[in-house]
Amino acid sequence: MARLAVLASGNGSNFQALAEALRADGGHEAALLVCDRPGAFALERAARLGIPARLVRYAGRPREDAEAEIAAALEDADVDLVALAGFMRLLGPSLVERWEGRMVNVHPALLPAYPGTRSIERAWEAGDAELGVTVHFVDRGMDTGRIIGQARVPRGETLEATEEAVHRAEHALYPRIVLDLLDGIPGAEAPRRT
Ligand code: GAR
């Protein structure tokens, strides 16, 4: 049994997909949500799912202070793996180094194409016939860490339909990879699956 923390800034649909997949699997626990934006829907989702949530404010203080609070929350919750799910901040070196190999991110593009923001829209506007999603380890760059897995998504009829398809692909790929990583944490093998 391993423990997962999720960092999210907004809607939290990937957080919910991860939490529900872990619950359905039964072998590991979604132990904590960390959110940097007051009022984010991710916080509401955590309340509904009964998962402890911690709001860490960045406004009005140095980034290092907010990150020290995140670091302490992760240690307090005794987590084994950290999943960024729409956490729209670049993390500083101390957190990234502490969690090297144990911190992953989902990105709505076939990296290394379209890092950063508005990725689906930019791929759509470029006329790409194929879009996709990437799960990767987090390093100090923006969406640059080692790629763990990708899923391809054909361009849809409209931007909205394509966005929905990309999000569905994230909700399928990310939990699958996170469950595999949790299973691989030494001493954390899930006591199940016949
Ligand atoms: C997701 O599409 C995620 O891939 C993206 O933000 C969205 C969050 O949605 N992340 C990035 O673009 C990171 N560079 P969600 O809050 O509903 O999970």
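Please refer to the structure higher up on the page.
Below you will find a few notes about this structure. Computed from a prediction, not measured in an experiment: that's the story for all the values here. (Residues numbered from 1 in each chain as written. Predicted model: local features only at pLDDT ≥ 70, side-chain atom pairs only at ≥ 80, totals over all residues. Heavy atoms only, no water.)

So, the overall build of the protein
How we decide: Where helices and strands are cited, they refer to DSSP runs of H or I of at least four residues and of E of at least two residues respectively, numbered from the N terminus. It is over C-alpha atoms that the radius of gyration is taken, and the globule rule equals 2.2 Å times the number of residues to the power 0.38. Only protein chains enter the accessibility calculation, which uses a 1.4 Å probe; a residue whose area is less than 20% of its type maximum is buried, one above 50% is exposed, and one in between is partly exposed. Only heavy atoms matter for contacts: two residues are in contact if any of them lie within 4.5 Å across the pair. Computed with the Shrake-Rupley method and a 1.4 Å probe, the accessible areas treat only the protein chains shown as cover for residues. Neither His nor the chain ends contribute to the count of charged residues, in which Lys and Arg are positive and Asp and Glu negative. One atom stands in for each charge, and that atom is NZ of Lys, CZ of Arg, CG of Asp or CD of Glu.
If you tally the helices and strands in the protein, you get 6 helices and 7 strands. Starting at the N terminus and walking to the C terminus, you meet the elements of the protein as β-α-β-α-β-α-β-α-β-α-β-β-α. Scaling as 2.2 N^0.38, a compact globule of 194 residues should have a C-alpha radius of gyration of about 16 Å, and the protein matches this with 16 Å. Viewed in the frame of its principal axes, the protein has a C-alpha envelope of about 50 × 45 × 30 Å. For the protein, buried positions account for 48% of its 194 residues. In the protein, the proportion of contacts linking residues at least 24 apart, taken out of those at least 6 apart, comes to 64%. Of the accessible surface of the protein, which amounts to about 9,300 Å², a share of 50% is contributed by carbon and sulfur atoms. Each charge class in the protein was averaged separately, 22 positive and 29 negative side chains, and the resulting centres sit 1 Å apart.

Topic: the pattern of salt bridges
Convention followed: Here a salt bridge means any side-chain nitrogen of Lys or Arg lying within 4 Å of a carboxyl oxygen belonging to Asp or Glu.
Tallying each qualifying case throughout the model produces 9 salt bridges. The shortest N-O distance in the salt bridge between Asp36 and Arg89 comes to 2.6 Å. Placement of the pair is Asp36 in the loop between β2 (29-35) and α2 (41-49) and Arg89 in the loop between β4 (81-84) and α4 (93-98), with a sequence separation of 53 residues. Under the relative-accessibility criterion, Asp36 is labelled buried at 3%. With a relative accessible area of 32%, Arg89 lands in the partly exposed category.

Some thoughts on the packing of aromatic side chains
Convention followed: Here a pair means two rings of Phe, Tyr or Trp (six-membered ring of Trp) with centres within 6.5 Å. Their orientation is stacked below 30 degrees between planes, edge-to-face above 60, and tilted elsewhere. Geometrically, a lysine NZ or arginine CZ counts as sitting over a ring once it is within 6 Å of the ring centre and also within 35 degrees of the ring normal.
If you walk through the whole model with that rule in mind, you get 0 aromatic pairs. The ring of Trp124 has Arg155 sitting right over it, with the charged end atom 3.7 Å from the ring centre.

Some thoughts on the sheet that holds β2
Note the threshold: Criterion used throughout: strands pair if DSSP finds at least two bridges between them. Here an angle of 0 to 180 degrees is reported between the N-to-C directions of two axes, which are lines fitted to C-alpha atoms, with helices fitted over the stretch in contact.
Across the sheet, 7 strands lie side by side as β3-β2-β1-β4-β5-β6-β7; this open sheet has mixed pairing. Each edge of the open sheet carries a strand with a single partner, namely β3 (53-55) and β7 (147-154). Pairs of neighbouring strands in the sheet enclose a mean axial angle of 20 degrees, with direction left out of account. Pairing of strand β1 (residues 3-8) with β4 involves 4 bridges; the strand directions are parallel.

Observations regarding the site of the ligand
Applicable threshold: For this purpose, a residue is taken to be near a molecule or strand whenever a single non-hydrogen atom of the residue falls within 4 Å of it. Polar contact is the term for a pair of N or O atoms within 3.5 Å; when the atoms are in protein, one must be able to donate a hydrogen and the other to accept it, and sequence-neighboring residues count only if both atoms are side-chain atoms. As a working rule, the residues Ala, Val, Leu, Ile, Met, Phe, Trp, Tyr, Cys and Pro are called nonpolar, Asp, Glu, Lys and Arg charged, and the rest polar, with Gly in that last group.
The full set close to the ligand counts 13 residues, and Gly12, Ser13, Asn14, His107 and Glu170 are the nearest of them. Measuring from an oxygen atom of the ligand, one finds a side-chain N or O atom of Asn14 at 2.9 Å. Between the ligand and His167, the relevant distance is 3.4 Å, taken from an oxygen atom to a side-chain nitrogen or oxygen of the residue. About the coverage of the ligand: the protein hides 88% of its 450 Å² of free accessible area. Elements with a contribution of two residues or more to the shell around the ligand: α1 (13-25), β5 (103-107) and α6 (159-183). Residues that form the shell around the ligand fall into these classes: 3 nonpolar, 8 polar and 2 charged.

Topic: α2
Note the threshold: Picture the helix axis, draw a direction to every C-beta atom, and the arc is the one those directions span.
All of the buried residues along α2 are Ala42, Arg45, Ala46 and Leu49. On an axial view of α2, the arc spanned by its buried residues comes to 100 degrees, and they lie on one face. Exposed side chains of α2 directed beyond 90 degrees from the buried face belong to Ala47 and Arg48. Backbone geometry just after α2 places Gly50 at a positive phi near 70 degrees.

Overview of the environment of Leu7
In this fold, Leu7 is placed in strand β1. Overall, Leu7 belongs to the buried group, its relative accessible area being 0%. Linking Leu7 and Arg54, residues 47 residues apart in sequence, is a C-alpha distance of 9.6 Å. If we skip the residues at most four places from it in the chain, Leu7 touches Val34, Ile70, Leu74, Val82, Ala83, Leu84, Ala85, Phe87 and Leu91.

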